[in-house]
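One-letter residues, chain by chain:
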Amino acid sequence: MSASQTSEVPTLLVKIFGKDRPGITAGLFDTLAAYSVEVVDIEQVVTRGRIVLCALVTEPPAGLEGDLRATVHSWAESMKMQAEIISGLGDNRPRGLGRSLVTVLGHPLTAESTAAIAARITKTGGNIDRIFRLAKYPVTAVEFAVSGTGTETLRTALVTEAAALGVDIAVVAAGLHRRAQRLVVMDVDSTLIQDEVIELFAAHAGCEEQVAEVTAAAMRGELDFEQSLHARVALLKGLDASVVAKVREEVRLTPGARTLIRTLKRLGFQVGVVSGGFTQVTDDLKERLGLDFAQANTLEIVDGKLTGRVTGEIVDRAGKARLLRRFAAEAGVPLAQTVAIGDGANDLDMLNAAGLGVAFNAKPVVRQAAHTAVNFPFLDTVLYLLGVTREEVEAADMHLGDH
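Numbering of residues starts from 1 in each chain and follows the order in which that chain's sequence is written. It should be noted that, the model being predicted, local features are given only for residues of pLDDT at least 70 and side-chain atom pairs only at 80 or more, the latter also being counted only at that level, while totals for whole chains, interfaces and linings use all residues. The side-chain figures draw on all heavy atoms in the structure; neither hydrogens nor water molecules are used.

- Named according to an unreviewed UniProt entry, the chain is phosphoserine phosphatase originating from Streptomyces mirabilis.
- UniProt positions are given in the numbering used here, feature names are shortened, and annotations may be inferred rather than shown by experiment. Quoted straight from UniProt, the Cofactor (unreviewed entry) entry for the chain says "Mg(2+)".
- Per UniProt, the chain carries the Sequence similarities (unreviewed entry) text "Belongs to the HAD-like hydrolase superfamily. SerB family."

Structural data, given as structure tokens:
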């Protein structure tokens, strides 16, 4: 039956609620089957062992509605459930134009922040059609399906208020693309890994303090990245190349990094990294983690010693955005289907170029400019912004203890 045909057809909304147990859904529809009704819509929610099952069905043949009502109530009572049946016309009212998915991460997610989010959605002219919990660990993640307002309007209204509400919020357009093949590209230092690679090298060269000062200034956007890169690398001149292997061993993955990559790969996504650091480390990470793409600067090594220079194409702020586009072209993924994750000022062009730019435990200037921010120490929480549930994460991560 088409939408136009059901618009004026008498329908019954049958609602069952009570303690959940196997067989409730089958039992209700077995009961309704005796009255030759057609199913128009079904919705079922189970929360803390309590079920709410709603079935929108066509009105039964003339003279049988009273019997249907009595039979459903009798069946519900036998199951120690409650039933409510409401007469009406047609299906649900059409959803408004402009459909978005709003993902909210809270630790905890309070009633106050939830109320504020719902109120802001309403103020933009949006309607909340459905709410679904994606995860309860390590954060509470819920997804709101919203219609009736534009995605950009909604994003502006919500994301700018996220910090004040004590939550992280991502707003993306709804549609089939949500589960289409995507490309996820990450920064490395302080994003995929907990360290700044150049500082690990500097520790072996005895110039850690000087390098750290320049790095901090560059990440705040106070220094030109390329100039700061050359200045820091120059301090490594004369370092023995054997240090590369030691630095690789010292690198610490961010908690949840393996889970993030394993889950993305299982879902058919492609994953890459771009770094202002060095290929001597990113090439190793690519092999260890099964990444599809990796690009960084390369430390020049001559006669077994670091020369204090880098070779090849410089990966700076503009370079990261350029590489995102290059990876997307090679992967056959539209730029709108890309996700970029980073923490520093030199990630901003890449975050803005991506379909979804995620600031991960980022500096304030980056949080303000990115599409959304994640302020939790687990990298795999980014999965919830993509609509991936905790159950899907656990299916991809059979080995516990990644955190």
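Text resumes after the structure shown.
Some thoughts on the side chain of Glu300
No. 1: The secondary structure listing takes helices from DSSP runs of H or I that are at least 4 residues long and strands from runs of E that are at least 2 residues long, numbered from the N terminus. With respect to the helices and strands, Glu300 occurs in strand 11 (residues 293-302).
No. 2: A distance of 2.8 Å separates the side chain of Glu300 from the side chain of Arg309, its partner in a polar contact.
No. 3: Beyond its immediate sequence surroundings of up to four residues, Glu300 is in contact with Lys305, Leu306, Thr307, Arg309, Val310 and Thr311. Polar contacts, as used here, are pairs of N or O atoms within 3.5 Å; protein pairs need one atom able to donate a hydrogen and one able to accept it. Residues neighboring in sequence count only if both atoms are side-chain atoms. A contact between two residues is defined here by any heavy atoms of the two lying within 4.5 Å.

Here's the deal with the packing of helix 2 (residues 24-33) against helix 3 (residues 65-78)
No. 1: Angles here are taken between N-to-C directions and fall from 0 to 180 degrees, while the axes themselves are lines fitted to C-alpha atoms, restricted in helices to the stretch in contact. Two elements in contact, helix 2 and helix 3, have axes whose closest approach is 10 Å; the angle formed by their N-to-C orientations is 155 degrees. Classified by the angle their axes make, helix 2 and helix 3 are roughly antiparallel. Here the hand of the crossing between helix 2 and helix 3 comes out right-handed. Here Ile24, Gly27, Leu28, Thr31 and Leu32 of helix 2 lie close against helix 3, whose contacting residues are Leu68, Thr71, Val72 and Trp75.
No. 2: Charged means Asp, Glu, Lys or Arg here, nonpolar means Ala, Val, Leu, Ile, Met, Phe, Trp, Tyr, Cys or Pro, and polar covers whatever is left, Gly included. Partitioning the contact of helix 2 with helix 3 into residue classes produces six nonpolar, three polar and no charged. For classification purposes, an angle smaller than 35 degrees is called roughly parallel, one larger than 145 roughly antiparallel, one from 65 to 115 roughly perpendicular, and anything else oblique. By definition, any crossing whose near helix is turned counterclockwise from its far helix by less than a right angle is left-handed, and any crossing with a clockwise turn is right-handed.

Some remarks on the nonpolar core
No. 1: The nonpolar core is taken to be a set of buried Ala, Val, Leu, Ile, Met, Phe, Trp, Tyr and Cys residues, with the residues joined through side-chain atoms within 4.5 Å. Exposure classes here rest on a 1.4 Å probe applied to the protein chains alone. A residue is buried below 20% of its type maximum, exposed above 50%, and partly exposed in between. Counting residues in hydrophobic clusters, the biggest one holds 63 residues, and the most contacted among them are Met186, Leu192, Phe201, Phe278, Leu285, Ile341 and Leu379.
No. 2: If you tally residues by element for this core, the top one is helix 7 (residues 197-205), at five residues.
No. 3: Sequence-distant contacts of Leu192, defined by excluding residues within four places in its chain, comprise Met186, Asp187, Leu253, Thr254, Ala257, Ile261, Val273, Leu285, Leu289 and Leu379.
No. 4: In terms of nonpolar packing, the next biggest core, distinct from the first, is built from 22 residues, Phe293, Leu323, Ala328 and Ala354 among them.

What to know about the sheet that holds strand 1 (residues 10-19)
No. 1: Strand pairing requires that DSSP identify at least two bridges connecting the strands. The antiparallel open sheet is built from four strands, whose spatial order is 2-3-1-4. The open sheet terminates on both sides in strands that have one partner only, identified here as strand 2 (39-47) and strand 4 (82-89). In this sheet, adjacent strand axes meet at a mean angle of 10 degrees when their direction is disregarded.
No. 2: Of the strand pairs in this sheet, strand 1 and strand 3 (residues 50-58) are connected by nine bridges, and their pairing is antiparallel. In the sheet register, Phe17 faces strand 3, and the bridge partner there is Val52.

Notes on the pairing of strand 10 (residues 270-278)
No. 1: Extensive coverage of strand 10 is indicated by the burial of nine of its nine residues.
No. 2: Looking at chain direction, strand 9 (residues 183-186) and strand 10 are connected through four bridges and run parallel. Bridging across to strand 10, Leu183 finds its partner in Gln270.
No. 3: Each parallel crossover has a hand, and the one from strand 10 via helix 12 (residues 279-289) to strand 11 is right-handed. Crossover handedness is defined by viewing with both strands directed away from the observer: a clockwise path from the first strand over the helix to the second marks the crossover as right-handed.

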